[in-house]
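Below, each chain spelled out in residue letters.
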Amino acid sequence: MLLGGLVVSTLPGSAPVLAFAPLAVLRQTQPGRMAGLAVVLMGLGLLASAWLALCRHVARLGSGDWDEGVDLTRMATVVWSAPLLVAPPLFSRDGWSYAAQGALAAAGYSPYHHGPQALVGNENWIYAPLEPHIAPIVQAVDPMWMNTVTPYGPLPVFFGRVAAGLTGNPWVLVVAHRMLALVGLALLAWAVPRMARWAGTNPALAAGLVLVSPLMIANGVGGLHNDLLMVGLMAAALVVGVERGWAWGGMVGGLAAAVKVPGGLVCVGIALATLPVAATMGRRLWHLARVGAAALATLFGLGLVTGMGSGWIAALAVPGELNTPLSVTTLVGGALDWVALHTGLGTPPDAFRDVVRVIGMVAAVGIIAWTALRFPTGDRARAVAAVACAGGAFVALAPVVHLWYLLLVPAFVAPLRLSRAAMSGLVVGSVVLGLVAPLDSSLHGAYQAIVLGCTTVAVLVPVLLLTRRSRARLRQIAERRLTPAA
């Protein structure tokens with residue numbers, strides 16, 4: 001993945017590796033780029049195969065060996081992630097945008113009021129990544145986001161400002177942001193086994209399903225998206241809330257929201273877990289308000305202390321500028337707009353899309369509220385399920401959904417007692433969503449690459465999941481051992 005990523009990923013013109021002539025030739029020729037993509041996909045296939053073998057191994061361990069299995073899974077996380085530490089952002093240019101946003105803050109611009117274009121100082125600039133007069137920090141930023149403010153909270157932006165104050169090298173800044181994302185992975189390595197023990201499930205398998213899946217390695221580690229840090233803080237917040245008290249949990253939940261606002265949904269689980277069994281509705285509402293207040297105080301306090309402020313509120317609509325194929329509401333609304341166009345209804349463009357998106361978000365809020373008000377209280381395992389339900393509803397009904405948004409789901413689903421079908425679905429989904437990571441929007445318009453990628457995935461999926469040996473391995477994972485229900 002690292003080697004192929006050097007060929008297929010967007011790099012700034014100042015990147016030292018471009019001075020290596022063979023790599024430059026590969027990047028400049030269509031056969032070379034196709035070879036690089038094939039190497040990435042084969043790397044993902046090897047990762048998926050090794051991951052399935054690891055999950056089968058830890059799934060078959062007896063309860064006395066679960067601690068050893070957790071250690072093995074954590075070791076695999078370190079070893080499999082290590083080669084990607086110095087890789088460029090894979091399958092998305094977001095990492096370069098993170099570096100530019102930090103540089104904006106370090107230069108005295110607010111990323112909530114200015115896009116990376118401000119670093120160039122030329123409003124008529126046309127995207128040309130190899131032009132030497134262009135600031136290196138923005139050479140690999142997607143042109144679509146050059147004049148766009150950031151919707152991220154104060155935590156990653158402040159970190160980016162500190163890092164950019166130490167170096168202006170875009171590659172070093174990207175590595176720094178990947179290290180920040182890996183803090184989230186470390187938090188998951190700490191929290192997921194604990195949540196699994198609450199539910200009486202195999203903590204080693206739960207950790208394996210979350211930490212080293214193709215979905216996680218491709219999008220969380222390779223893509224270094226802020227979502228990984230957000231999810232890690234969410235998981236840590238729930239565990240801290242249960243083990244150290246709701247106020248501490250709420251504050252860590254506020255840190256998760258300070259990365260991306262949906263991180264605050266963990267407060268629902270914290271409140272439910274730290275209430276007594278069968279709490280009254282009044283007490284439930286009061287406790288939800290207290291946990292939420294602790295999270296909000298942390299979120300806005302962090303913005304005040306760091307000087308980042310709360311400009312992210314006005315920028316929350318920025319992701320909605322895109323249409324993504326994983327968004328159910330966008331797909332349904334787009335289909336209705338297509339029908340309206342071809343039946344002559346005369347509605348404005350995207351009218352149905354916008355309406356369905358609003359309906360979807362209202363429905364998501366309704367599901368989150370129902371979860372907060374109706375899920376049992378005083379049950380740690382059900383609190384994990386509550387976060388999975390609230391987070392899953394938000395992701396499923398959001399107006400924009402990228403592959404890395406789905407990192408939220410396994411972290412709170414894998415620790416639960418799942419049926420054989422649900423466990424199989426989680427494993428299959430993690431494999432497929434990891435393999436298709438290179439087919440994200442970075443390949444828009446690159447039809448040969450899309451055909452090669454789809455063909456390779458179509459070959460790898462049956463080999464990994466549909467052969468007799470693969471089905472037997474999947475069945476062994478799905479039939480994992482549990483402790484007796486309480």
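Each chain has its residues counted from 1, following the order in which its sequence is written. Given that this is a predicted model, residues contribute local features only at a pLDDT of at least 70 and side-chain atom pairs are listed and counted only at 80 or more, while totals for whole chains, interfaces and linings are drawn from all residues. The side-chain numbers reported here are obtained from all heavy atoms of the structure, hydrogens and water having been left aside.

Q: How should I be thinking about the overall build of the protein in this particular structure?
A: By the criteria applied, helices consist of DSSP H or I runs no shorter than four residues and strands consist of E runs no shorter than two, each listed in order from the N terminus. Helix and strand counts for the protein stand at 20 helices and 0 strands. Taking 486 residues into account, the globule formula puts the C-alpha radius of gyration at 23 Å, and the protein, at 23 Å, falls close to it. Each of the 486 residues in the protein was classed as buried or not, and the buried ones make up 53%. Note on contacts: a residue pair is in contact if any heavy atoms of the two residues lie within 4.5 Å. Put simply, 77% of the contacts in the protein that link residues at least 6 apart link residues at least 24 apart. Approximately 20,300 Å² of the protein is accessible, and the part contributed by carbon and sulfur atoms is 68%. In this tally Asp and Glu are treated as negative and Lys and Arg as positive; neither His nor the chain ends contributes. Lysine's charge is taken at NZ, arginine's at CZ, aspartate's at CG and glutamate's at CD. On the protein, the mean spot of the 29 positive side-chain charges and the mean spot of the 17 negative ones are 11 Å from each other. Every radius of gyration here is taken over C-alpha atoms, with the globule rule written as 2.2 Å times N^0.38, N being the number of residues. Partly exposed residues are those whose accessible area sits between 20% and 50% of the maximum for their type, while under 20% is buried and over 50% is exposed, using a 1.4 Å probe and protein chains only. For accessible areas, the Shrake-Rupley method is used with a probe of radius 1.4 Å. Any residue's cover is judged against the shown protein chains and nothing else.

Q: So what exactly am I meant to see when it comes to helix α7 (residues 170–199) here?
A: Because each turn of an α-helix spans 3.6 residues, side chains separated by three or four positions end up pointing in the same direction. For α7, built from 30 residues, the straight-helix expectation of 44 Å at 1.5 Å per residue is met to within 8% by its first-to-last C-alpha distance of 43 Å. At L188, α7 shows its strongest bend, of approximately 25°. With 21 of 30 residues buried, α7 is to be regarded as a mostly interior element. N-cap assignment for α7: the residue whose side-chain oxygen lies 2.9 Å from the backbone N of W171 is N169. Just downstream of α7, G200 is the residue with a positive phi angle, here 75°. Helices are assigned an expected span. That span is 1.5 Å times one less than the residue count. The reported bend at a residue is simply the angle between two axes, fitted to the 7 residues ending at it and to the 7 residues beginning with it. Any pair of N or O atoms that falls within 3.5 Å is considered a polar contact. Within protein, one atom must be able to donate a hydrogen and the other to accept it, and sequence-neighbouring residues count only if both atoms are side-chain atoms.

Q: How should unusual backbone geometry be read in this particular structure?
A: Peptide bonds are mostly trans, and most non-glycine residues show a negative phi. Look at A278: it is not a glycine, yet its phi comes out positive at around 55°. Relative to the elements of secondary structure, A278 occurs in the loop between α12 (266–273) and α13 (281–306). Residue class for A278 comes out exposed when judged on its relative accessible area of 67%.

Q: Sorry, what's going on with the nonpolar core here?
A: Nonpolar side chains in soluble globular proteins tend to be buried together. Counting 109 residues, the largest nonpolar core has L188, M195, L209, L238 and F412 as the members making the most contacts within it. Among all residues touching L188, those that are not within four sequence positions of it are P193, V210, L211, M216, L228, V231, G232, A235 and A411. We call a set of buried Ala, Val, Leu, Ile, Met, Phe, Trp, Tyr and Cys residues a nonpolar core when their side-chain atoms join them within 4.5 Å. Formed by 23 residues, the second largest nonpolar core is a distinct cluster that contains Y98, I137, V174 and A176.

Q: Sorry, what's going on with a nonpolar patch on the surface here?
A: The patches described consist of residues with a relative accessible area above 30% and no salt bridge, like charges being joined within 9 Å and nonpolar side chains (Val, Leu, Ile, Met, Phe, Trp, Tyr) within 5 Å. What counts as a salt bridge is simple: a side-chain nitrogen of Lys or Arg found within 4 Å of a carboxyl oxygen of Asp or Glu. Taken together, the side chains of V261, L296, F300, I313 and L316 make up a nonpolar region of the molecular surface, amounting to roughly 410 Å² of accessible area. The residue L296 is located in helix α13 in this model. Judged by relative accessible area, which is 48%, L296 ranks as partly exposed.

Q: Would you take a moment to explain the packing of aromatic side chains for this structure?
A: Note on aromatic pairs: each is described by the distance of the centres and the angle between the planes. Stacked, edge-to-face and tilted are the three classes for Phe, Tyr and Trp ring pairs, Trp counted by its six-membered ring, which pair at centre distances within 6.5 Å; planes under 30 degrees apart are stacked, over 60 edge-to-face, the rest tilted. Tallied over the entire structure, the rule returns 4 aromatic pairs. Geometrically, the ring pair formed by W96 and W171 is edge-to-face, given 6.3 Å between the ring centres and 85° between the ring planes. On the criterion of sequence distance, the pair formed by W96 in helix α5 (residues 94–106) and W171 in helix α7 is long-range, its members being 75 residues apart. Since its relative accessible area comes to 2%, W96 is described here as buried. Taking relative accessible area as the criterion, W171 reaches 12% and is therefore assigned buried. Between Y98 and Y152 the ring centres are 5.3 Å apart and the planes differ by 85°, which places this aromatic pair in the edge-to-face class. A residue pair is termed long-range when its members are at least 10 positions apart, and Y98 in helix α5 and Y152 in the loop between α5 and α6 (154–166) qualify at 54 residues. When its relative accessible area of 3% is taken as the criterion, Y98 is described as buried. On the accessibility criterion, Y152 (12% relative accessible area) is buried.

Q: What's the story with the side chain of R357 in this structure? I'm lost.
A: Locating R357 in the fold gives a position in helix α15 (residues 351–374). In this structure, R357 is buried with no salt-bridge partner, the nearest side chain bearing the opposite charge being D354 at 4.9 Å.

Q: Got a minute to help me understand the packing of α7 against helix α10 (residues 226–244) in this structure?
A: To define axes, lines are fitted to C-alpha atoms, for helices over the stretch in contact only, and angles between the resulting N-to-C directions are given on a 0 to 180 degree scale. Between α7 and α10, the shortest axis-to-axis distance is 7 Å and the interhelical angle comes to 40°. With respect to α10, the element α7 is oriented oblique. Considering only the axes of α7 and α10, their crossing is left-handed. Packed against α7, whose contacting residues are L180, A181, V183, G184, L185, L187, L188, W190, A191, R194, M195 and W198, the element α10 presents L228, L229, V231, G232, L233, A235, A236, L238, V239, V240, V242 and E243 at the interface. Under the convention adopted here, Pro, Cys and the residues Ala, Val, Leu, Ile, Met, Phe, Trp and Tyr are nonpolar, Asp, Glu, Lys and Arg are charged, and Gly plus all remaining residues are polar. Residue composition of the contact of α7 with α10, grouped by class: 20 nonpolar, 2 polar and 2 charged. For this classification, under 35 degrees means roughly parallel, over 145 means roughly antiparallel, 65 to 115 means roughly perpendicular, and everything else is oblique. What makes a crossing left-handed is the near helix being turned counterclockwise from the far one by less than a right angle; a clockwise turn instead makes it right-handed.

Q: Would you explain the state of the cysteines in this entry?
A: Disulfide: a covalent bond formed between the sulfur atoms of two cysteine residues. The criterion for a disulfide is a pair of cysteine sulfur atoms lying within 2.5 Å. Applying the stated criterion across every chain yields a total of 0 disulfides. Of the cysteine sulfurs around C267, a residue in no disulfide, the closest is that of C389, at 16 Å.

Q: Please clarify how the side chain of H177 should be interpreted in this entry.
A: Examined against the element boundaries, H177 turns out to sit in helix α7. With a relative accessible area of 5%, H177 lands in the buried category.

Q: Just checking my understanding: could you explain the pattern of salt bridges for this structure?
A: Pairing between side chains of opposite charge can happen when the charged atoms of each approach one another. A full pass over the atoms with the stated rule returns 6 salt bridges. Among the ionic pairs, E479 bridges to R420, the shortest N-O distance being 3.1 Å. Placement of E479 in the segment after α20 (468–478) and of R420 in helix α18 (residues 420–435) is noted, with a sequence separation of 59 residues between them. For E479, a relative accessible area of 45% gives the class partly exposed.

Q: Mind showing me how you'd approach the environment of R357 here?
A: The exposure class of R357 is buried, given its relative accessible area of 8%. A C-alpha to C-alpha distance of 8.9 Å links R357 and V328, two positions 29 residues apart in sequence. One polar contact links the side chain of R357 to the main-chain carbonyl oxygen of P399, over a distance of 3.2 Å.

Q: Any chance you could explain the environment of V7 here in plain terms?
A: Within the fold, V7 resides in helix α1 (residues 2–8). Judged by relative accessible area, which is 8%, V7 ranks as buried. Between the alpha carbons of V7 and A364 there is a distance of 40 Å; along the sequence they are 357 residues apart. Among residues more than four places away in sequence, those in contact with V7 are L23, L26, R27, G32, R33 and G36.

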